[in-house]
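Examining the three-dimensional arrangement
Chain by chain, the residues run as shown.
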Amino acid sequence: MTALPMTVRAPGLPERVRIHEVGPRDGLQNEASVVPTEVKAEFVHRLAGAGLDTVEATSFVHPKWVPQLADAEKLFPMLSGLPGVRLPVLVPNDRGLDRALALGAREVAVFASATESFARANLNRTVDASLAMFEPVAIRAVESGLRVRGYVSMCFGDPWEGAVPVGQVVEVCRRLVAMGCDELSLGDTIGVATPGHVGALLGALTEAGVPVSSVAVHFHDTYGQALANTLAALQHGVTTVDASAGGLGGCPYARSATGNLATEDLVWMLDGLGIQTGVDLGRLIDTSVWMADQLGRPSPSRTVRALSHKE
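This report concerns the structure included in the present document. The structure presented is a predicted model; accordingly, all values stated were derived computationally and were not measured.

A look at the overall build of the chain
A tally of helices and strands in the chain yields 12 helices and eight strands. Against the 2.2 N^0.38 benchmark of 19 Å for 311 residues, the chain shows a C-alpha radius of gyration of 18 Å, consistent with a compact globule. For the C-alpha atoms alone, the extent of the chain along its principal axes is close to 60 × 45 × 35 Å. Sorting the 311 residues of the chain into buried and exposed places 54% on the buried side. As presented, the chain carries roughly 12800 Å² of accessible surface, and 54% of it is formed by carbon and sulfur atoms. Distance between charge centroids for the chain: 3 Å, based on 25 positive and 33 negative side chains.

Written as structure tokens, this is what we have:
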């Protein structure tokens, strides 16, 4: 029997895509209960074993705000035996950066918002004030030799403000690049983006001097558009896509945000398009089934459900 999916290349797509796996951080931070540190460590090791070379490990946000990731100091040293695997961590401020640097982190991320409403809900600050808080963090991280990623939430729609003007998103992105972010992750936090909107934003960023090579996309599947939006981004030259093993995650500050794009669903599509990822889909599915067992519920990923089904 010929293996599925059948590979059919489409014109205008990249040869390779780097998957930025966010399950251990963005996925597990949204869990109602705290996952044991040892389980988190095994999760990261299993993901790396499946071929994912970028795994966002944890967050150095104050435990009061994200108690699910309060064990960052204990977890991060347990991941030292993963040569060649990038392990970025989220840092909200100077104190978070101090904690990350003390443990030898080489990549960090800051978390900005394209809208005032979400900036206040998530950071208790205005957009301007939050960017002012991140600037010295990003500058010091760059001076320390670290790579810095800038997450931008609510790029396509906001539950309080509705549609978000493209120019408003571009301005936040430009300011993050100016402070030293070498990669931007465009977040569709509540999953309302459609392919035309994705193309319009990427086009506007290019016109504003933000190279598409520095842009990643981060889609949620609220309306079933995550894969369509990803394909649109690839057609516009994006080669880095955020995804979460098993479709874990959402956003604790936006109730309408459902799970992230499942890594398995993304890999199935990319495999079918002949786009290289380095990911072993079978091992990845085994990892998500294992994690679903740890969490006590089935994975929402359609690919996991289809390929792990036993007669």
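Comments concerning the sheet that holds strand β6 (residues 183-188)
If you walk across this open sheet you meet the eight strands as β1-β8-β7-β6-β5-β4-β3-β2, and the pairing is parallel. Two strands bound the open sheet, and with one partner strand each, they are β1 (18-21) and β2 (58-59). Inspection of the sheet shows strand β5 (residues 147-153) paired to β6 by four bridges, in the parallel sense. Its bridge partner being in β6, G150 is matched across the sheet by L184. Relative to the sheet, helix α9 (residues 226-235) contacts β6, β7 (215-219) and β8 (240-243), its axis offset from that of β7 by approximately 170°.

Here's the deal with the packing of aromatic side chains
Inspection of the entire model under this criterion finds two aromatic pairs. With centroids separated by 6.1 Å and ring planes inclined at 45°, the aromatic side chains of F156 and F219 adopt a geometry described as tilted. Here F219 lies in strand β7 and F156 lies in the loop between β5 and α7 (166-178), a separation of 63 residues in the sequence. The class of F156 is buried, set by a relative accessible area of 5%. A relative accessible area of 1% means that F219 is categorised as buried.

Remarks on the environment of F111
Counting through the fold element by element, F111 comes out in strand β4 (residues 107-113). Sequence separation of F111 and V91 is 20 residues, and the distance between their C-alpha atoms is 8.0 Å. The residues contacting F111, other than those within four sequence positions of it, are R25, L90, F118, N122, L123, F134, Y151 and S153.

Section: the pattern of salt bridges
Counted under the stated rule, the structure contains 17 salt bridges. In this structure, R297 engages E31 in a salt bridge whose closest nitrogen and oxygen atoms are separated by 2.5 Å. One end of the pair, R297, is in the loop between α11 (281-295) and α12 (302-308); the other, E31, is in the loop between α1 (23-27) and α2 (37-49), and 266 residues separate them in sequence. Notably, a salt bridge pairs E38 with K74, separated by 3.3 Å at the nearest N-O pair. On the criterion of sequence distance, the pair formed by E38 in helix α2 and K74 in helix α3 (residues 72-75) is long-range, its members being 36 residues apart.

Examining the pairing of β6
On a regular strand, each side chain points to the face opposite its neighbour's, so the side chains alternate between the two faces of the sheet. Counting buried residues in β6 gives six out of six residues, a clear majority hidden from the surface. Sheet analysis places β6 next to β7, joined by five bridges and oriented parallel. Bridge assignment links D188 to a residue of β7, and that residue is F219. The parallel pair β6 and β7 is bridged by helix α8 (residues 195-207), and the resulting crossover is right-handed.

Here's the deal with the layout of surface pockets
A probe matching the size of a water molecule, rolled over the atoms, marks out where space remains unfilled. For the second largest pocket, the calculated volume is near 240 Å³. D221, N260, A262, D265 and R302 are the residues nearest the centre of the second largest pocket, which is lined by 15 residues in total. By residue class, the composition of the lining of the second largest pocket is five nonpolar, seven polar and three charged.

Conventions we followed
Residues numbered from 1 in each chain as written. Predicted model: local features only at pLDDT ≥ 70, side-chain atom pairs only at ≥ 80, totals over all residues. Heavy atoms only, no water. Helix = DSSP H or I, 4+ residues; strand = E, 2+ residues; numbered from the N terminus. Rg over C-alpha atoms; globule rule 2.2 N^0.38 Å. Buried < 20%, exposed > 50% of the residue type's maximum accessible area, 1.4 Å probe, protein only. Areas by Shrake-Rupley, 256 points an atom, 1.4 Å probe, with all protein chains shown as cover. Lys, Arg positive; Asp, Glu negative; His and termini not counted. Charge placed at Lys NZ, Arg CZ, Asp CG, Glu CD. Pairing = 2+ DSSP bridges. Contact = heavy atoms within 4.5 Å. Axes fitted to C-alpha atoms, helices over the stretch in contact; angles between N-to-C directions. Phe/Tyr/Trp six-rings, centres within 6.5 Å; stacked < 30°, edge-to-face > 60°. Salt bridge = Lys/Arg side-chain N within 4 Å of Asp/Glu carboxyl O. Right-handed = clockwise from strand over helix to strand, strands pointing away. 1 Å grid on protein atoms, 1.4 Å probe; cavity = no way out; pocket = protein on both sides within 12 Å on 5 of 7 lines; lining within 4 Å. Points joined across faces, edges and corners; volume = space filled by probe spheres on them. Nonpolar A, V, L, I, M, F, W, Y, C, P; charged D, E, K, R; others polar.

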